[in-house]
Amino acid sequence: MTGIAGRVVAITGASSGIGAATATHLAGKGARLVLGARRKDRLHAVVDQIVAQGGSAVGAVIDVTRREDLKLLTDTAVHQFGRLDVLVSNAGTMAVSPFDELLQDDWDAMVATHVNGLLNGIGAALPVFRRQHSGQFVNVASTAAYIVKSPQGVYAATKTAVKVLTEALRQESGPHLRVTLVSPGFTNTEGVGKGASPEAAAALVQQRDEIAIPPSAIASAIGFAIEQPSGVDISEVVVRPTVQT
Ligand SMILES: NC(=O)c1ccc[n+]([C@@H]2O[C@H](COP(=O)([O-])OP(=O)(O)OC[C@H]3O[C@@H](n4cnc5c(N)ncnc54)[C@H](OP(=O)(O)O)[C@@H]3O)[C@@H](O)[C@H]2O)c1
């Protein structure tokens with residue numbers, strides 16, 4: 001299978017930002033979508049907009065930190081469309097803070113969302129992909145997986161884990177599966193600074209407003225990785241503003 005039309009793509013964190021932009025981009029190219037996130041109203045707004053524009057999408061209210069919710073997402077794809085071609089693990093939280101603030105619930109949330117969330121996706125989708133003898137993981141990391149900047153220590157560590165797990169999965173994936181890491185730099189979404197400590201949030205929002213690229217830039221990179229012929233693996237893509245250091 002080549003191209004995007006007809007592919008069944010599940011996306012976590014599809015209720016806003018990069019996930020919603022990716023859903024819209026892929027729907028415009030004829031993908032069939034299963035969209036997951038926690039906020040039901042925002043998720044259904046994305047689904048409804050895609051369907052209103054003639055696209056194919058269904059929503060599943062999921063929390064990626066829950067193993068059974070990822071199973072629900074992949075089961076929905078198989079029941080609704082008969083297969084799953086791509087899982088985009090994009091759900092994330094950028095609630096960064098200096099260590100001295102001891103915001104340990106936020107640390108835990110980043111580990112649970114980025115590390116456990118990714119593993120839950122692998123656990124749910126890998127058996128489906130093996131059965132089909134085809135499938136693609138697209139895992140969203142960050143430029144923070146390449147350069148650590150305070151106070152993003154925990155965030156950077158979890159995104160580095162995403163990078164490491166993605167490479168290890170690629171090595172074990174064999175000839176039939178594809179594994180792609182997409183690492184965005186500053187991207188103009190509501191998630192930048194959300195939940196971060198006030199000083200960190202202000203700095204991030206300021207930088208976002210000055211230099212960020214639109215989420216459609218990340219969406220088209222994900223589309224590029226998906227539309228390659230089945231034997232071609234785009235293993236790693238970093239997409240950032242030209243002015244980002
Ligand atoms: N924007 C940037 O500058 C930037 C840069 C590098 C990497 N990234 C990464 O890109 C990804 C998307 O972020 P974004 O910028 O698009 O921010 P966003 O608009 O806040 O999107 C985050 C998405 O993740 C979902 N989410 C968060 N926790 C979840 C959970 N436990 N279960 C299910 N869904 C969950 C949110 O939906 P609900 O709240 O409805 O669940 C939302 O749809 C994240 O992994 C982020 O780390 C962003």
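Everything quoted here is computed from the prediction, not taken from an experiment.

Caption draft 1: Geometry of the UniProt feature "domain: Ketoreductase" (unreviewed entry) in the protein chain. Taking the UniProt record as the reference, the feature "domain: Ketoreductase" (unreviewed entry) is found at residues 7-187. With 49% helix and 19% strand, residues 7-187 has its two end C-alpha atoms placed 26 Å apart.

Caption draft 2: Up close: the side chain of Thr-22. When you line up the elements, Thr-22 lands in helix H1 (residues 17-28). Residue class for Thr-22 comes out buried when judged on its relative accessible area of 1%. When sequence neighbours within four positions are dropped, the list of residues in contact with Thr-22 reads Ile-11, Ala-219 and Ile-222.

Caption draft 3: Just helix H2 (residues 40-52), in detail. Between its first and last C-alpha, H2 extends 18 Å over 13 residues, near the 18 Å set by a 1.5 Å rise per residue. Among all positions in H2, only Leu-43, Val-46, Val-47 and Ile-50 are buried. All buried residues of H2 lie within an arc of 95° about the axis, which places them on one face of the element. Opposite the buried face of H2, at more than 90 degrees from it, the exposed residues are Asp-41 and Ala-52.

Caption draft 4: Representation of the pairing of strand E2 (residues 32-37) within the structure. The buried fraction of E2 amounts to five of the six residues, a majority that puts the element mostly inside the structure. Examined bridge by bridge, strand E1 (residues 8-12) and E2 share five bridges and lie parallel to one another. When the bridges of E2 are listed, Val-8 appears paired with Arg-32. Where E2 lies against strand E3 (residues 56-61), six bridges are found, and the strand directions are parallel. Within E3, the residue paired with Arg-32 across the bridge is Ser-56. Between the parallel elements E2 and E3, the chain passes through H2 in a crossover that is right-handed.

Caption draft 5: Seen up close, the site of the ligand. The environment of the ligand is formed by 30 residues, the closest being Ser-15, Ile-18, Arg-38, Tyr-155 and Thr-189. For the ligand, an oxygen atom lies 2.7 Å from a polar atom in the backbone of Ile-18. Note that an oxygen atom of the ligand is positioned 3.3 Å from one of the backbone N or O atoms of Gly-92. Surface burial for the ligand is 96%, taken as the share of its 870 Å² of free accessible area covered by protein chains. Partitioned by chemical class, the residues of the shell around the ligand number 13 nonpolar, twelve polar and five charged.

Caption draft 6: The arrangement of the pairing of strand E4 (residues 86-89) in detail. Here E4 shows two buried faces, one formed by Val-86 and Val-88 and the other by Leu-87 and Ser-89. With three bridges connecting them, E1 and E4 associate as parallel partners. Looking at E4, one finds that Ala-10 is bridged to Leu-87. Strand direction decides the pairing type here: E4 and strand E5 (residues 135-140), joined by four bridges, are parallel.

Caption draft 7: Local environment of helix H3 (residues 67-81). An ideal rise of 1.5 Å per residue puts 21 Å on 15 residues; H3 measures up with 22 Å between its terminal C-alpha atoms. Buried residues of H3: Asp-69, Leu-70, Leu-73, Thr-74, Thr-76, Ala-77 and Phe-81, and no others. Buried residues of H3 fall within an arc of 145° about the axis and therefore sit on the same side. Along H3, the residues that are exposed and aim more than 90 degrees away from the buried face are Arg-67 and His-79. For H3, the elements touching its buried residues are E1, E2, E3, E4 and helix H4 (104-132).

Caption draft 8: Structural context of the side chain of Asp-69. Here Asp-69 is to be found in helix H3. Since its relative accessible area comes to 11%, Asp-69 is described here as buried. Residues in contact with Asp-69, not counting those within four places in the same chain, are Ile-62 and Asp-63.

Caption draft 9: Region of interest: the packing of aromatic side chains. In this structure the tally under the stated criterion is two aromatic pairs. The ring centre of Tyr-146 lies 4.8 Å from the NZ or CZ of Lys-163, which sits over that ring.

Here is what the cut-offs are and how they apply
Residues numbered from 1 in each chain as written. Predicted model: local features only at pLDDT ≥ 70, side-chain atom pairs only at ≥ 80, totals over all residues. Heavy atoms only, no water. UniProt positions renumbered as here; feature names shortened; annotations may be inferred. Helix = DSSP H or I, 4+ residues; strand = E, 2+ residues; numbered from the N terminus. Buried < 20%, exposed > 50% of the residue type's maximum accessible area, 1.4 Å probe, protein only. Contact = heavy atoms within 4.5 Å. Expected span 1.5 Å × (residues − 1). Arc of directions from axis to C-beta. Pairing = 2+ DSSP bridges. Right-handed = clockwise from strand over helix to strand, strands pointing away. Near = heavy atom within 4 Å. Polar contact = N/O pair within 3.5 Å; in protein donor to acceptor, adjacent residues only side chain to side chain. Areas by Shrake-Rupley, 256 points an atom, 1.4 Å probe, with all protein chains shown as cover. Nonpolar A, V, L, I, M, F, W, Y, C, P; charged D, E, K, R; others polar. Phe/Tyr/Trp six-rings, centres within 6.5 Å; stacked < 30°, edge-to-face > 60°. Lys NZ or Arg CZ within 6 Å of the ring centre and 35° of its normal.

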